[in-house]
Amino acid sequence: MTPPRQAGRKSTTREPIIQEPEQFEPEATRRTAGVTESSRANRGWWDRNADEYQIEHGTFLGDDRFVWGPEGLDEVEAELLGPPEDLKGKDVLEIGAGAAQCSRWLAGQGARPVALDLSHRQLQHALRIGAGFPLVQADACVLPFRGASFDLACSAYGALPFVADPRLVLREVHRVLRPGGRFVFSVTHPIRWAFPDEPGPEGLAVSASYFDRTPYVEQDEEGLAVYVEHHRTLGDRVRDIVTSGFRLVDLVEPEWPAWNSSEWGGWSPLRGALIPGTAIFVCERD
């Protein structure tokens, strides 16, 4: 799971998990960013920050736990991909896998997962933890698989928040799924874009238009993007799903559970008790 501030090549090397931090402080702004710029920026960002991300959030994510978002909703209880016993023997594609914790859980249920991520460094962490399934480095907008290769696909905060045109991903997932296949993905709840990304009381007052779809961009001294997030309204997400050939089966907005005292960026018990932080879309390929 890689929440926002979130031909294939299989990694075969193991490296230490410590890398040098960035030497500059990016400038945050709102401006347009296309498909190519977003992909390049986010691949570089995750390669540079994968070590810190895994150190900070690895304990919460576990090594083989399937968590849909910072609220801690677990696939064991949610069963959005179906009952665990029905996963045995299924071919499953995880998109934006990070260190492949979700794929590792799927493998434990007897599924045959393939973990795909844009970041080579994230996949090295998957190797460090241990992966007895394929790891593929590729862009989710151009999946390196034949059509109808998978029974299921999933993405916990992977790819969709970071691409300029999410329909490219949705159409590719539709192409590689078999008829009747299910695709479940989670993203930042669209309403969060109207609020500051702060976990405390200052994050509870509307500060921007929900309808402003201008991307959030962090850029270097030369104005080149080094990180990009894209906003879609709830209606946009539904239209993207339907026009890409899927049927929307369910929309899940996890409530913040009493047991979870963690803060993760702008996600916190305070905000989670009042406004949704995650939206999970359950889609099926007719």
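Procedures and definitions
Residues numbered from 1 in each chain as written. Predicted model: local features only at pLDDT ≥ 70, side-chain atom pairs only at ≥ 80, totals over all residues. Heavy atoms only, no water. Disulfide = S-S within 2.5 Å. Core = buried A, V, L, I, M, F, W, Y, C linked by side-chain atoms within 4.5 Å. Buried < 20%, exposed > 50% of the residue type's maximum accessible area, 1.4 Å probe, protein only. Helix = DSSP H or I, 4+ residues; strand = E, 2+ residues; numbered from the N terminus. Contact = heavy atoms within 4.5 Å. Polar contact = N/O pair within 3.5 Å; in protein donor to acceptor, adjacent residues only side chain to side chain. Axes fitted to C-alpha atoms, helices over the stretch in contact; angles between N-to-C directions. Left-handed = near helix turned anticlockwise from the far one by under 90°. Phe/Tyr/Trp six-rings, centres within 6.5 Å; stacked < 30°, edge-to-face > 60°. Pairing = 2+ DSSP bridges.

Caption draft 1: Inspection of the state of the cysteines at higher detail. A full pass over the atoms with the stated rule returns zero disulfides. The thiol of C102 is unpaired, and the distance to the nearest cysteine sulfur, on C154, comes to 6.2 Å.

Caption draft 2: Region of the structure containing the nonpolar core. Counting 28 residues, the largest nonpolar core has L93, F145, V173, F183 and F185 as the members making the most contacts within it. Those elements that place two or more of their residues in this core are strand 2 (91-95), strand 3 (112-117), strand 5 (150-156), helix 5 (166-176), strand 6 (177-188) and strand 10 (278-285). With residues up to four places along the chain from it excluded, the contact list for L93 reads V114, L116, L143, F145, F150, L152, A153, C154 and V176. L80, V184, V252 and I280 belong to the second largest nonpolar core, which has 18 residues in total.

Caption draft 3: Representation of unusual backbone geometry in the model. Even without being a glycine, E79 presents a positive backbone phi close to 50°. Residue classification places E79 among the partly exposed positions, given a relative accessible area of 36%. The phi torsion at Y157 lies on the positive side, around 60°, for a residue other than glycine. Along the chain, Y157 falls in the loop between strand 5 and helix 5.

Caption draft 4: Focus on the side chain of N260. Its place among the elements puts N260 in the loop between strand 9 (246-252) and helix 7 (269-272). For N260, the side chain forms a polar contact with the main-chain oxygen of E71, separated by 3.0 Å.

Caption draft 5: Inspection of the packing of helix 5 against helix 6 (residues 234-243) at higher detail. Direction vectors running N to C along helix 5 and helix 6 enclose 35°, while the axes themselves pass 9 Å from each other. For the pair helix 5 and helix 6, the sense of crossing is right-handed. For the pair helix 5 and helix 6, the contacting residues are P166, R167 and L170 in the first and R237, D240, I241 and T243 in the second.

Caption draft 6: Structural view of helix 3 (residues 101-108). With six of eight residues buried, helix 3 lies mostly within the body of the structure. When helix 3 is considered as a whole, its buried residues turn out to be Q101, C102, S103, R104, W105 and L106. Contact partners of the buried residues in helix 3: helix 1 (35-61), helix 2 (75-78), strand 2, strand 3, helix 4 (120-129) and strand 5.

Caption draft 7: Summary view of the packing of aromatic side chains. Within the structure shown, the criterion is met by 16 aromatic pairs. Ring centres of F66 and W68 lie 4.7 Å apart, and the angle between their planes is 45°; this geometry places the pair in the tilted category. One exposure class covers both F66 and W68, and it is buried. Among the aromatic residues, those joined into a ring-pair cluster are W45, W46, Y53, F60, F162, Y216, Y227 and W264.

Caption draft 8: Local environment of the sheet that holds strand 5. In space, the seven strands of this open sheet follow the order 4-3-2-5-6-10-9, with mixed pairing throughout. Two strands in the sheet have a free side with no partner beyond their single neighbour: strand 4 (135-137) and strand 9. Ignoring which end each strand starts from, the neighbouring axes of this sheet average 20° apart. Judged from the six bridges that link them, strand 9 and strand 10 form a sheet pairing that is antiparallel. Bridging from a neighbouring strand, L251 pairs with F281 of strand 10. Across the sheet, helix 4 lies against strand 3 and strand 4, angled at about 170° from strand 4, the strand it touches most.

Caption draft 9: Representation of the sheet that holds strand 1 (residues 27-30) in the model. Read from one edge of the open sheet, three strands run 1-7-8, paired in antiparallel fashion. Because the sheet does not close on itself, it has two edges, and the strands there are strand 1 and strand 8 (225-229). Across the sheet, the axes of successive neighbouring strands diverge by a mean angle of 20°, strand direction being ignored. With respect to the sheet, helix 1 is in contact with strand 7 (216-219) and strand 8, its orientation differing from that of strand 8 by roughly 105°.

Caption draft 10: Highlighting helix 5. Three or more residues of helix 5 are buried, namely P166, V169, L170, E172, V173, H174 and V176. Lining the buried residues of helix 5 we find strand 2, strand 5, strand 6, helix 6, strand 9 and strand 10.

Caption draft 11: Up close: the environment of R192. For R192, the position within the fold is in the loop between strand 6 and strand 7. Judged by its relative accessible area of 7%, R192 falls in the buried class. C-alpha separation for the pair R192 and A100, spaced 92 residues apart in sequence, amounts to 26 Å. The residues contacting R192, other than those within four sequence positions of it, are G266, W267, R271, G272, I275, P276 and G277. At 3.0 Å, the side chain of R192 and the backbone oxygen of P276 are in polar contact.

Caption draft 12: Fine view of the environment of G235. Turning to its location among the elements, G235 is positioned in helix 6. For G235 and P190, which are 45 residues apart along the polypeptide, the C-alpha to C-alpha distance reads 9.5 Å.

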